[in-house]
Amino acid sequence: MAFTGRDFFDRDTVTVARELIGARVCLDGDTVVARLVEVEAYLGEDDLASHAYRGLTPRSQIMFGEPGHLYVYFVYGMHHCANLVTEARGKAGAVLLRAAAVEQGADTIRSRRAATGGQIADDRLLSGPGNFCRGLGITRDDNGLDVCSVGARLRVIPADDVPNIATAPRIGIRHNTEAALRFCLAGHPAISIPI
DNA sequence: CTTGAGATGGACT
DNA sequence: GTCCATCTCAAGG
């Protein structure tokens, strides 16, 4: 399917999540390019694990807002997590970006992760939602960023192939742990925790 | 290989 | 106060 800008995100959250596998995240021109290999869908109603489950709050309001914006939050006192808002205005939904495979800019990413010593394989530079944000320099300052606006520092380009997608329950949550809302590029080494 | 605990801050009850 | 969509490292099997 052709990329039609915001329309891509203005759809069912699970559909968007699946189609984001294999999509490319481009930063600062194409200085850094990474291919998404692991995402999770977070819904609104009936999804106890979603920040939107308890309704509209100062933090969750962005999940109810316009699709195609970044939702970045801070967890565990030290990590950021990045989501892409889905569904039309008024309906909550977002896709957590959990892991990506670096295609360009590995050195840039490595330098952002310099604080954490030790050699990390290129494969694992953006593995896990916290590492994904750290490696790409995404912080709460990016919360609300419109990835559909021309010239946004972060853009998303849909996959140019049809990847083999593996489905599994989500990770690191305490509620609604059964739902199969985690989607991965099957067998990819960048996946944070193997299925 | 697996398990557990610490770091650390903000949202929410 | 309590909970948390995490990561890393160290200890144990």
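Preceding this paragraph is the structure being described.
Residues numbered from 1 in each chain as written. Chains lettered and ligands numbered in written order. Predicted model: local features only at pLDDT ≥ 70, side-chain atom pairs only at ≥ 80, totals over all residues. Heavy atoms only, no water.

**Some remarks on the packing of aromatic side chains**
Then comes step 1: Overall, the coordinates contain two aromatic pairs when judged by the stated rule.
Then comes step 2: A ring pair is formed by Phe 8 and Phe 9, whose centres lie 5.1 Å apart and whose planes are at 80°; its orientation type is edge-to-face.
Then comes step 3: Overall, Phe 8 belongs to the buried group, its relative accessible area being 4%.
Then comes step 4: Since its relative accessible area comes to 0%, Phe 9 is described here as buried.
Then comes step 5: A centroid spacing of 5.4 Å and a plane angle of 35° characterise the contact between Tyr 71 and Tyr 73, whose relative ring orientation is tilted.
Then comes step 6: Given the relative accessible area of 12%, Tyr 73 is considered buried.
Then comes step 7: Positioned above the aromatic ring of Phe 8, the side-chain terminus of Arg 11 is 4.9 Å from the ring centre.
Then comes step 8: Arg 170 extends its terminal NZ or CZ atom over the ring of Tyr 42, reaching a point 4.5 Å from the ring centre. (Phe/Tyr/Trp six-rings, centres within 6.5 Å; stacked < 30°, edge-to-face > 60°. Buried < 20%, exposed > 50% of the residue type's maximum accessible area, 1.4 Å probe, protein only. Lys NZ or Arg CZ within 6 Å of the ring centre and 35° of its normal.)

**What about the protein's contact with DNA strand C?**
Then comes step 1: Taken together, 22 residues surround DNA strand C, and among them Tyr 73, His 79, Asn 83, Arg 113 and Gly 172 come closest.
Then comes step 2: Considering DNA strand C, the proportion of its atoms within 4 Å of the protein that are sugar or phosphate atoms stands at 61%.
Then comes step 3: Measuring from a base nitrogen of DNA strand C, one finds a side-chain N or O atom of Tyr 73 at 2.7 Å.
Then comes step 4: Note that a phosphate oxygen of DNA strand C is positioned 2.8 Å from one of the backbone N or O atoms of Gly 172.
Then comes step 5: At the level of secondary structure, the elements contributing two or more residues to the surface near DNA strand C comprise strand S4 (79-85), strand S5 (94-104) and helix H3 (129-136).
Then comes step 6: No other element matches the four residues that H3 contributes to the surface near DNA strand C.
Then comes step 7: Per-class residue counts for the surface near DNA strand C are ten nonpolar, eight polar and four charged. (Near = heavy atom within 4 Å. Polar contact = N/O pair within 3.5 Å; in protein donor to acceptor, adjacent residues only side chain to side chain. Helix = DSSP H or I, 4+ residues; strand = E, 2+ residues; numbered from the N terminus. Nonpolar A, V, L, I, M, F, W, Y, C, P; charged D, E, K, R; others polar.)

**A word on the environment of Leu 145**
Then comes step 1: The residue Leu 145 is located in the loop between H3 and strand S6 (154-157) in this model.
Then comes step 2: Owing to a relative accessible area of 18%, Leu 145 belongs among the buried residues under this scheme.
Then comes step 3: Apart from the residues within four sequence positions on either side, Leu 145 is in contact with Gly 68, His 69, Leu 70, Ala 152, Arg 153 and Leu 154. (Contact = heavy atoms within 4.5 Å.)

**Comments concerning the protein's contact with DNA strand B**
Then comes step 1: Around DNA strand B, the neighbouring residues are Arg 54, Thr 57, Pro 58, Arg 59, Phe 74, Tyr 76, Gly 77, Met 78 and Arg 140.
Then comes step 2: Among the atoms of DNA strand B close to the protein, meaning within 4 Å, 62% are from sugar or phosphate groups.
Then comes step 3: Here Tyr 76 contributes a backbone N or O atom positioned 2.5 Å from a base oxygen of DNA strand B.
Then comes step 4: At a separation of 3.4 Å, a base oxygen of DNA strand B approaches a polar backbone atom of Gly 77.
Then comes step 5: Classifying every residue of the surface near DNA strand B by side-chain character gives four nonpolar, two polar and three charged.

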